[in-house]
Amino acid sequence: LILTAVLLLLAFLLMHGLLRAISHVLALPAEVRAFRQRNADRRAAIALADALEALHAGRFARAERLAREALQFGVQHPAPMLLAARAAQRMKAYERRDTWLERIGSEFPKSRDAMLTLKAECLIDQRQFDAARSVLHGLHAGGPRHINGALHICGIVGAI
């Protein structure tokens, strides 16, 4: 009777261990996917932070490259594109800047205001004041008014 009880206990422990091992093996692909996603998110955040640092350090080509790298890691946000557009503007690569701005407009329609504000700032930097004024009018016509940034830009446009 004791031998039967011990054998039943061992059989239970063996089955329990076997079922746990099978469940871990079946869950492994999901854990690997989650690990890879966390790793990509971490690398994207590092690339974005490094791009911002490079932009402020005046290393604009590196900033644009790192922003592109952050996007390749799957960032679903317009911040890297805005950063890359500003870096391209500083390098006077206006076609690349416009490509970045168009991409923001097509992929992130909710970020239209940020895109238009940056576009107006870039046009002012190029001394294309009439074009900047028309972009700002488009910004105001498109929805709720964001007075702070637009007044700052309009003040610059109006002063010149």
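Refer to the preceding data block for the structure.
The next point concerns unusual backbone geometry. Excluding glycine, a negative phi dihedral is what most residues carry, and trans is how most peptide bonds are arranged. Of note in this structure, K92 is not a glycine but carries a positive phi near 60 degrees. Counting through the fold element by element, K92 comes out in the loop between α3 (79-90) and α4 (94-107). A relative accessible area of 57% places K92 in the exposed class. At R127, a residue that is not glycine, the phi angle is positive and equals roughly 65 degrees.

Judged by nonpolar contacts, the single largest core of 29 residues is most densely connected at L55, A63, M81, L83, W100 and L101. Those elements giving two or more residues to this core turn out to be α1 (2-57), α2 (60-72), α3, α4, α5 (112-125) and α6 (129-141). Take this core: its biggest share by element is seven residues, from α5. Not counting residues up to four positions away in its chain, the partners in contact with L55 are F60, A63, L83, R86 and A87.

Two numbers describe how α3 lies on α4: the axes approach to 7 Å, and their chain directions differ by 160 degrees. With respect to their mutual orientation, α3 and α4 come out roughly antiparallel. Between α3 and α4 the crossing geometry is left-handed. Across the interface between the two elements, M81, L82, A84, A85, A88 and Q89 of α3 pack against Y94, R96, R97, W100, L101, R103, I104 and E107 of α4. Among the residues forming the contact of α3 with α4, the class breakdown is nine nonpolar, one polar and four charged.

On to a nonpolar patch on the surface. A cluster of nonpolar side chains, contributed by I2, L3, V6, L7, L9, L10, F12 and L13, occupies part of the molecular surface with about 860 Å² of accessible area. Within the secondary structure layout, L9 lies in helix α1.

Secondary-structure assignment places S111 in the loop between α4 and α5. Dropping the residues within four chain positions of it, S111 is found in contact with P78 and I104.

Conventions adopted
- Residues numbered from 1 in each chain as written.
- Predicted model: local features only at pLDDT ≥ 70, side-chain atom pairs only at ≥ 80, totals over all residues.
- Heavy atoms only, no water.
- Helix = DSSP H or I, 4+ residues; strand = E, 2+ residues; numbered from the N terminus.
- Buried < 20%, exposed > 50% of the residue type's maximum accessible area, 1.4 Å probe, protein only.
- Core = buried A, V, L, I, M, F, W, Y, C linked by side-chain atoms within 4.5 Å.
- Contact = heavy atoms within 4.5 Å.
- Axes fitted to C-alpha atoms, helices over the stretch in contact; angles between N-to-C directions.
- Parallel < 35°, antiparallel > 145°, perpendicular 65-115°, else oblique.
- Left-handed = near helix turned anticlockwise from the far one by under 90°.
- Nonpolar A, V, L, I, M, F, W, Y, C, P; charged D, E, K, R; others polar.
- Patch = residues over 30% accessible without salt bridge, like charges linked within 9 Å, V, L, I, M, F, W, Y side chains within 5 Å.
- Areas by Shrake-Rupley, 256 points an atom, 1.4 Å probe, with all protein chains shown as cover.
- Salt bridge = Lys/Arg side-chain N within 4 Å of Asp/Glu carboxyl O.

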